[in-house]
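Each chain, letter by letter, is given below.
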Amino acid sequence: LRIGGREELDDSKDPVFKTELYLTKLKHGEAREIYENVDPEMKEWLRKKRPNLREIFRKMKAKATEGSGDYYNRSHIRVAVLTCGPARMVSACEELAASESDENVTFDFHKETFEF
(Lines give C-alpha, C1' and ligand atoms only; values in the text may rest on other atoms or scores of the structure.)
Protein backbone atom coordinates (compact mmCIF):
# COMPACT_ATOMS: atom_id res chain seq x y z
CA LEU A 1 0.00 0.00 0.00
CA ARG A 2 1.41 3.36 -0.95
CA ILE A 3 0.46 6.55 0.80
CA GLY A 4 1.79 9.78 -0.62
CA GLY A 5 4.20 7.90 -2.89
CA ARG A 6 5.81 5.96 -0.01
CA GLU A 7 5.38 2.27 0.66
CA GLU A 8 3.64 2.14 4.04
CA LEU A 9 2.51 -1.45 4.31
CA ASP A 10 2.64 -4.60 2.27
CA ASP A 11 0.27 -7.03 3.96
CA SER A 12 1.48 -9.86 1.72
CA LYS A 13 4.79 -9.73 3.62
CA ASP A 14 3.47 -8.85 7.09
CA PRO A 15 1.82 -11.83 8.84
CA VAL A 16 0.36 -9.60 11.55
CA PHE A 17 -1.78 -7.30 9.39
CA LYS A 18 -4.43 -8.26 6.82
CA THR A 19 -6.69 -5.91 4.87
CA GLU A 20 -9.74 -6.80 2.77
CA LEU A 21 -12.27 -4.44 1.21
CA TYR A 22 -15.63 -5.61 -0.16
CA LEU A 23 -17.90 -4.02 -2.76
CA THR A 24 -21.46 -5.18 -2.14
CA LYS A 25 -25.00 -4.18 -3.18
CA LEU A 26 -23.97 -3.23 -6.68
CA LYS A 27 -26.36 -3.38 -9.58
CA HIS A 28 -25.35 -5.27 -12.73
CA GLY A 29 -22.57 -3.38 -14.48
CA GLU A 30 -21.79 -1.05 -11.59
CA ALA A 31 -19.07 -3.30 -10.17
CA ARG A 32 -17.04 -3.17 -13.39
CA GLU A 33 -17.27 0.64 -13.63
CA ILE A 34 -16.31 1.14 -9.98
CA TYR A 35 -13.57 -1.49 -10.11
CA GLU A 36 -12.01 0.11 -13.21
CA ASN A 37 -11.71 3.42 -11.31
CA VAL A 38 -9.98 1.91 -8.27
CA ASP A 39 -6.30 2.62 -7.80
CA PRO A 40 -4.41 -0.44 -9.14
CA GLU A 41 -2.55 -0.82 -5.84
CA MET A 42 -5.86 -1.21 -3.98
CA LYS A 43 -7.28 -3.90 -6.28
CA GLU A 44 -5.24 -6.56 -4.48
CA TRP A 45 -7.40 -6.04 -1.37
CA LEU A 46 -10.72 -5.41 -3.09
CA ARG A 47 -13.36 -8.16 -3.33
CA LYS A 48 -16.47 -7.81 -5.50
CA LYS A 49 -18.70 -9.98 -3.33
CA ARG A 50 -20.12 -10.29 0.14
CA PRO A 51 -17.64 -11.37 2.81
CA ASN A 52 -17.99 -14.81 4.37
CA LEU A 53 -17.53 -13.48 7.90
CA ARG A 54 -17.45 -16.83 9.69
CA GLU A 55 -14.73 -18.08 7.31
CA ILE A 56 -12.71 -14.88 7.78
CA PHE A 57 -12.80 -15.28 11.57
CA ARG A 58 -11.87 -18.97 11.27
CA LYS A 59 -8.85 -18.09 9.12
CA MET A 60 -7.80 -15.23 11.41
CA LYS A 61 -7.90 -17.55 14.42
CA ALA A 62 -5.88 -20.23 12.63
CA LYS A 63 -3.30 -17.69 11.45
CA ALA A 64 -2.99 -16.19 14.94
CA THR A 65 -2.21 -19.55 16.51
CA GLU A 66 0.04 -21.09 13.83
CA GLY A 67 2.98 -18.69 13.84
CA SER A 68 6.33 -18.62 15.52
CA GLY A 69 8.57 -15.96 17.02
CA ASP A 70 8.25 -13.68 20.04
CA TYR A 71 4.78 -12.46 19.09
CA TYR A 72 3.41 -16.00 19.03
CA ASN A 73 5.12 -17.27 22.21
CA ARG A 74 2.27 -16.11 24.41
CA SER A 75 -0.27 -18.06 26.38
CA HIS A 76 -3.07 -15.86 25.01
CA ILE A 77 -3.24 -14.04 21.66
CA ARG A 78 -5.28 -10.92 20.99
CA VAL A 79 -6.45 -10.11 17.46
CA ALA A 80 -7.72 -6.63 16.57
CA VAL A 81 -10.78 -6.66 14.31
CA LEU A 82 -11.36 -3.28 12.64
CA THR A 83 -14.74 -3.20 10.93
CA CYS A 84 -16.28 -0.39 8.93
CA GLY A 85 -19.55 -0.66 7.03
CA PRO A 86 -23.33 -1.03 7.27
CA ALA A 87 -24.88 -1.64 10.71
CA ARG A 88 -25.97 -5.24 9.95
CA MET A 89 -22.50 -6.29 8.84
CA VAL A 90 -20.85 -4.51 11.77
CA SER A 91 -23.24 -6.27 14.20
CA ALA A 92 -22.50 -9.64 12.61
CA CYS A 93 -18.75 -9.04 13.00
CA GLU A 94 -19.20 -7.96 16.60
CA GLU A 95 -21.18 -11.12 17.39
CA LEU A 96 -18.53 -13.30 15.73
CA ALA A 97 -15.73 -11.52 17.59
CA ALA A 98 -17.44 -12.46 20.86
CA SER A 99 -18.47 -16.00 19.91
CA GLU A 100 -15.13 -16.95 18.31
CA SER A 101 -13.01 -15.68 21.22
CA ASP A 102 -11.82 -18.42 23.56
CA GLU A 103 -9.11 -19.22 26.12
CA ASN A 104 -6.40 -19.02 23.42
CA VAL A 105 -7.52 -16.11 21.23
CA THR A 106 -9.48 -12.95 21.97
CA PHE A 107 -10.88 -10.86 19.13
CA ASP A 108 -10.79 -7.19 20.18
CA PHE A 109 -13.54 -5.48 18.19
CA HIS A 110 -13.49 -1.88 16.93
CA LYS A 111 -16.09 -0.40 14.59
CA GLU A 112 -17.27 2.45 12.39
CA THR A 113 -20.79 2.26 11.00
CA PHE A 114 -22.01 3.94 7.80
CA GLU A 115 -24.82 3.49 5.30
CA PHE A 116 -24.97 4.58 1.66
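Below you will find a few notes about this structure.

1. Side note on the overall build of the protein
Consideration 1: For the protein, the count of helices and strands is three helices and six strands.
Consideration 2: Taken from N to C terminus, the helices and strands of the protein fall in the order β-β-β-α-β-α-β-α-β.
Consideration 3: Approximately 8,800 Å² of the protein is accessible, and the part contributed by carbon and sulfur atoms is 50%.

2. Quick word on the environment of Val-79
Consideration 1: With respect to the helices and strands, the residue Val-79 is situated in strand E5 (residues 77–85).
Consideration 2: In this structure the C-alpha to C-alpha distance between Val-79 and Lys-61, which are 18 residues apart in sequence, comes to 8.2 Å.
Consideration 3: Dropping the residues within four chain positions of it, Val-79 is found in contact with Met-60, Ala-64, Val-105, Thr-106, Phe-107 and Asp-108.

3. Here we look at the pairing of E5
Consideration 1: Side chains Ile-77, Val-79, Val-81, Thr-83 and Gly-85 of E5 all project onto a buried face; the interleaved residues Arg-78, Ala-80, Leu-82 and Cys-84 project onto a face where none is buried.
Consideration 2: In this fold, E5 hands off to helix H3 (residues 87–100), which returns the chain to strand E6 (residues 105–113); that crossover is right-handed.

4. Observations concerning H3
Consideration 1: The terminal C-alpha atoms of H3 lie 20 Å apart, and with 14 residues this matches the ideal 20 Å at 1.5 Å per residue to within 8%.
Consideration 2: Residues of H3 that are buried: Val-90, Cys-93, Leu-96, Ala-97 and Glu-100. Along the axis of H3, the buried residues cluster in a sector spanning 125 degrees; they form a single face. Opposite the buried face of H3, at more than 90 degrees from it, the exposed residues are Arg-88, Glu-95 and Ala-98.
Consideration 3: Contacts made by the buried residues of H3 are with helix H2 (53–66), E5 and E6.

5. Considerations on the nonpolar core
Among soluble globular proteins, nonpolar side chains are generally buried collectively.
Consideration 1: Within the largest apolar cluster, 13 residues are counted, with the highest numbers of intra-cluster contacts made by Phe-57, Val-79, Phe-107 and Phe-109.
Consideration 2: Elements represented by at least two residues in this core include exactly H2, E5, H3 and E6.

6. Details of the pairing of E6
Consideration 1: As defined by bridge partners, E5 adjoins E6 across nine bridges and the pair is classed as parallel. Note on E6: the bridge partner recorded for Ala-80 is Asp-108.

Calculation criteria
- Residues numbered from 1 in each chain as written.
- Predicted model: local features only at pLDDT ≥ 70, side-chain atom pairs only at ≥ 80, totals over all residues.
- Heavy atoms only, no water.
- Helix = DSSP H or I, 4+ residues; strand = E, 2+ residues; numbered from the N terminus.
- Areas by Shrake-Rupley, 256 points an atom, 1.4 Å probe, with all protein chains shown as cover.
- Contact = heavy atoms within 4.5 Å.
- Buried < 20%, exposed > 50% of the residue type's maximum accessible area, 1.4 Å probe, protein only.
- Right-handed = clockwise from strand over helix to strand, strands pointing away.
- Expected span 1.5 Å × (residues − 1).
- Arc of directions from axis to C-beta.
- Core = buried A, V, L, I, M, F, W, Y, C linked by side-chain atoms within 4.5 Å.
- Pairing = 2+ DSSP bridges.

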